[in-house]
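Take a look at the letters that make up each chain.
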Amino acid sequence: MSENLKSSTYDESQIQVLEGLEAVRKRPGMYIGSTSVKGLDHLVYEIVDNAIDESLAGYCKNITVTINKGNTVTVIDDGRGVPTGPHPKLGISTLEVVYTILHAGGKFGGEGYKVSGGLHGVGASVVNALSEWMEVTVYDSRTGREYYQKYERGKPLFSVKEIGPTDKTGTKVTFLPDKEIFETLEFEYDTLLNRLREQAFLNAGVHILFTDDRGDEPVVNDLRYEGGIRSFVEYLNENKTPVSGVIYVAVENENNSAEVAIQYTDTYTENLLSFANDIRTVDGGMHEIGFKISLTNVVNDYARKYKFLKDTDQNLSGEDVREGMTAVISVKLTEAEFEGQTKTKLGNSEMKTVVSKLVNEKLSEYFEEHPAEIRLIIDKVITAQRAREAARKAREAARKKTSFESGQMPDKLRDCNERDPELTEIFIVEGDSAGGSATQGRDSRFQAILPLWGKMLNVEKARADKIYGNDKLAPVITALGAGIGDEFNLEKLRYHKIIIMADADVDGAHIRTLLLTFFFRFMRPLLEHGYVYSAVPPLYKLTRGKTTRVAYSDEERDRVSAEMRGDNPNVKIDISRYKGLGEMDHEELRETTMDPTTRTLRRIELDDAVAADRIFNVLMGEEVEPRKQFIEENAKYAVNLDY
Ligand code: 28G
């Protein structure tokens, strides 16, 4: 568009402006991903990104982000202020250009705003187009004056006004998302907080003050991390026991930069987060590849040089080298290319070289200078190697005993007739008696039942070898058919709906948490692709004479009871609370909890792996006190994650 604008007159460009805004309003999903709450939250990121850019340019120290009562959001920075003078090509104020012309202010150079598949950096004009109203105040550092403009659905209500002199500098934006566009106007506090915190980690020293002012008392978060991604790694490991310090290496070149922070813990999980231009690269890419290759090489070289390994010993594998490692990789580059279906994989091959060289040179240097630390790490890696070898043997043994992959299904599984995984569901049911009702209540054409009983293994402190040998989990692995860990293969999955059916009480929550932890640690793609669900059994049974109805919440109970009572206040409605699934006969269970036409299912979403990892560590770890504290503080999270 900027190409066309060069030779246009103001009137022509106005038409293009309106067409641009219209395009955004017609297909908002193309610009912000969706019009669900995710898209709503995205509006905040777009505006904050601009403030962070101003901060990275070295002109802004403080950013405040406030969710106000009435679902408006205000972002303020103390940078230079968006330029207010006439735009060199259009004559109108640059401020108006930035907020009304699509793609003005593209961030990463040239066509750079395409960085994550049209999702990021599309800028302030998109937020403006999708807002019922927006207002911008600029405290212009060049003129020492305050300027103001307001818009409705992206259109300016008047030309930029000069308000008068000011001592402040910076930009202030307030907007109300358009209820005609968005499914909801309720910004998600937790999601925004996590994202803003991530931005604060990735941009060391940036100061973000985040306030949720919607409740009676404002909730304030002061986010500033002088340690940058070092602090990020410490945060990720907050509930784990470290076995090394935080190792940090960084390099800056003409066109790009890379930094890596690493810390080993006594856990068995790898937690590697990578970013390019502050955007999470869930599917990794070149920077991650460069990191993994060099880390493996550096550790192996050191282990051989100092005789932790004999020359004849096998190499330490990448997986073993990363067991118990938490790491954050952050690269910045001018022309980032994001690949893959979800545009979350960095494609620039030069970043493989950059990160690889960084790790090769600086990490080996670090190791030479910290022999005690690397000794502990290598001991751990060698133990990991032995355990993996033991796991392989356990798997072979299990394979022989129960013909793990031969199609021989567990005794307890009541399988369905249908073979197409897209059409089938498996209910993992707590307890034998509930398993019985479920087997009777199911539609055996497409619904399979796997009862679990007894105490389940807490996988948080277990390696794969224990899992294969475990009599509770082995049937789950076999029934699902896709393997675990490095060998997990989604294509072999036998059911595309995996439904955890447990009581709505504490024990039920416990077994649900154990199973979820197991899926998170050993079958994570199941959660990432949304194949895991929780059945929602009713809480109450209401009876009036021969009529019975059920309710899934307290509110529904009250509503249903009022409905059943009708106009007659003297009718007695008998209300009882279901104590467990086992109390229902198979018909009740089918109707209320299993039949797709009448049941409710809750999909268990994993959209924040950072939060999930921390939650599982606390919930499943050994320490009781932090767990209690965590559950109290994060009641809301627990609900989101469906415990
Ligand atoms: C409060 C809400 C979010 C911002 C600035 C500062 C400048 C700027 C923003 O320039 C126009 C186009 C490309 C350079 C730049 C000020 C240079 C000199 C700025 C923000 C000019 C945009 N003086 N602060 N935009 N660019 N804060 N905070 O949006 O060529 S946006």
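Scoring rules and cut-offs
Residues numbered from 1 in each chain as written. Predicted model: local features only at pLDDT ≥ 70, side-chain atom pairs only at ≥ 80, totals over all residues. Heavy atoms only, no water. Patch = residues over 30% accessible without salt bridge, like charges linked within 9 Å, V, L, I, M, F, W, Y side chains within 5 Å. Areas by Shrake-Rupley, 256 points an atom, 1.4 Å probe, with all protein chains shown as cover. Salt bridge = Lys/Arg side-chain N within 4 Å of Asp/Glu carboxyl O. Lys, Arg positive; Asp, Glu negative; His and termini not counted. Charge placed at Lys NZ, Arg CZ, Asp CG, Glu CD. Helix = DSSP H or I, 4+ residues; strand = E, 2+ residues; numbered from the N terminus. pLDDT = per-residue confidence, 0-100. Contact = heavy atoms within 4.5 Å. Phe/Tyr/Trp six-rings, centres within 6.5 Å; stacked < 30°, edge-to-face > 60°. Buried < 20%, exposed > 50% of the residue type's maximum accessible area, 1.4 Å probe, protein only. Axes fitted to C-alpha atoms, helices over the stretch in contact; angles between N-to-C directions. Parallel < 35°, antiparallel > 145°, perpendicular 65-115°, else oblique. Pairing = 2+ DSSP bridges.

Draft legend 1. Focus on a negative patch on the surface. Among the surface-exposed residues, Glu335, Glu337, Glu339 and Glu350 lie close enough to one another that they form a single negatively charged patch. Mapped onto the secondary structure, Glu337 falls in the loop between strand S14 (325–333) and strand S15 (338–339).

Draft legend 2. Summary view of the confidence of the model for the protein. Averaged over every residue, the pLDDT of the protein is 87; the share at 70 or more is 89%. Overall, residues 1–8 carries pLDDT values under 50, and its contacts beyond four positions in sequence, including any with other chains, amount to eleven contacts. Every residue in residues 104–122 scores below 50 in pLDDT, and together they form 38 contacts with partners more than four places removed in sequence or on other chains.

Draft legend 3. Just the packing of aromatic side chains, in detail. By the definition in use, this model includes twelve aromatic pairs. Geometrically, the ring pair formed by Tyr99 and Tyr151 is stacked, given 6.3 Å between the ring centres and 25° between the ring planes. One end of the pair, Tyr99, is in helix H5 (residues 94–100); the other, Tyr151, is in strand S4 (residues 145–152), and 52 residues separate them in sequence. One exposure class covers both Tyr99 and Tyr151, and it is buried. When the ring of Phe518 is compared with that of Phe522, the centres are 5.9 Å apart and the planes differ by 40°; the resulting orientation is tilted. Within this pair, Phe518 and its partner Phe522 are both found in helix H16 (residues 506–522), separated by four residues, close to a single helical turn.

Draft legend 4. Summary view of the packing of helix H7 (residues 189–202) against helix H8 (residues 229–236). Contact geometry for H7 and H8: axes closest at 7 Å, N-to-C directions at 135°. Considering the angle they form, H7 stands oblique to H8. Residues Asn194, Arg197, Glu198, Phe201 and Leu202 of H7 touch H8, and the partners they reach there are Ile229, Ser231, Phe232 and Tyr235.

Draft legend 5. How the structure looks around the sheet that holds strand S23 (residues 574–577). A sheet is described by the order of its strands in space; here three strands give the open sequence S22-S21-S23, paired in antiparallel fashion. If you trace the sheet from one side to the other, it starts and ends with strand S22 (547–551) and S23, each paired once. Here the strands of the sheet are splayed against their neighbours by 20° on average, with no regard to which way each runs. Summarising the sheet, strand S21 (residues 540–544) and S23 pair through four bridges and their orientation is antiparallel. Pairing of Tyr540 across the sheet is with Arg577, part of S23. Relative to S21, helix H18 (residues 554–565) is tilted by about 5°, and along the sheet it contacts S21, S22 and S23.

Draft legend 6. Here's a closer look at the pairing of strand S19 (residues 497–501). Taken across its five residues, S19 has four buried, putting it largely inside the fold. Judged from the five bridges that link them, strand S17 (residues 425–430) and S19 form a sheet pairing that is parallel. When the sheet's bridge partners are listed, Glu425 is paired in S19 with Lys497. Across three bridges, S19 lies against strand S20 (residues 532–535) in parallel orientation. Its bridge partner lying in S20, Ile499 is registered against Tyr533.

Draft legend 7. Spatial organisation of the pattern of salt bridges. Inspection of every chain in the model, using the stated rule, returns 32 salt bridges. Put simply, Arg142 and Asp140 hold a salt bridge, and the shortest N to O gap is 3.1 Å. The exposure class of Arg142 is exposed, given its relative accessible area of 51%. The class of Asp140 is buried, set by a relative accessible area of 2%. Residue Glu556 is joined to Arg559 by a salt bridge in which the shortest nitrogen-to-oxygen separation is 4.0 Å. Residue Glu556 and its partner Arg559 are located together in helix H18, separated by three residues, close to a single helical turn. Since its relative accessible area comes to 46%, Arg559 is described here as partly exposed.

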